[in-house]
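Geometric and topological summary
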Amino acid sequence: PGQSSGNEVLADVSLVDYHQAPVTNPSESVKHGNPSFRSTLEAGELELLADMCNELEIFAYPHPVTADHLAAFFRMEPTGLRVNKLRLFSAMLFELKENGFIGRNWQSPIYSYNLLRPRKKEGFVNRSDLTTATNQIHGIKNDNRINFIKKKIQKMYSSRKNSQKL
């Protein structure tokens, strides 16, 4: 009595929930073909995006969002970001994709790594939320905010191209 039989550790191992998705380091998983933003955004571009996000109030938390928050997001690290305007967020990432700043499968890391929380409900933004929001931006022609996002990102692209020519 009072002696350890060594079985306690084995008992703890049996309590592991094998149905739970394995926790992986997103940076490591990119090497194995797992979801990635494939971001080429530079520090100055992240600053411009953060300013735009704050001006349009795209995020509810943290507010104001910083370039560091966005850099961590694109590295697929937990940031606590809570989206306020999912349609505008989707428009921003869609335009980043269209201008070559991120890869075409930009939605996948968001729901695969639970990178974004909705403002009004529990849990994380999922695939359906992102698809719906992205589909909605294609049907809207006269939303000044979406046009603003498009112009800002196109201007970032032009600036990058001009600086590469020098």
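Residues numbered from 1 in each chain as written. Predicted model: local features only at pLDDT ≥ 70, side-chain atom pairs only at ≥ 80, totals over all residues. Heavy atoms only, no water.

**Some words on the sheet that holds strand β2 (residues 82–83)**
- Taken together, three strands build an open sheet; the order of strands is β1-β2-β3 and the sheet is mixed. Pairing within the sheet leaves two strands with one partner each, and these edge strands are β1 (59–61) and β3 (117–118).
- Of the pairings in the sheet, the one linking β2 to β3 comprises two bridges and is parallel in character. Looking at the pairing, Arg-82 lines up with Arg-117 of β3. (Pairing = 2+ DSSP bridges. Helix = DSSP H or I, 4+ residues; strand = E, 2+ residues; numbered from the N terminus.)

**Concerning the side chain of Glu-95**
- Turning to its location among the elements, Glu-95 is positioned in helix α5 (residues 86–98).
- Buried and unpaired, Glu-95 has Lys-150 as its nearest opposite-charge partner, separated by 4.4 Å.
- Not counting chain neighbours up to four residues away, the residues in contact with Glu-95 comprise Ile-149, Lys-150, Ile-153 and Gln-154. (Buried < 20%, exposed > 50% of the residue type's maximum accessible area, 1.4 Å probe, protein only. Lys, Arg positive; Asp, Glu negative; His and termini not counted. Salt bridge = Lys/Arg side-chain N within 4 Å of Asp/Glu carboxyl O. Contact = heavy atoms within 4.5 Å.)

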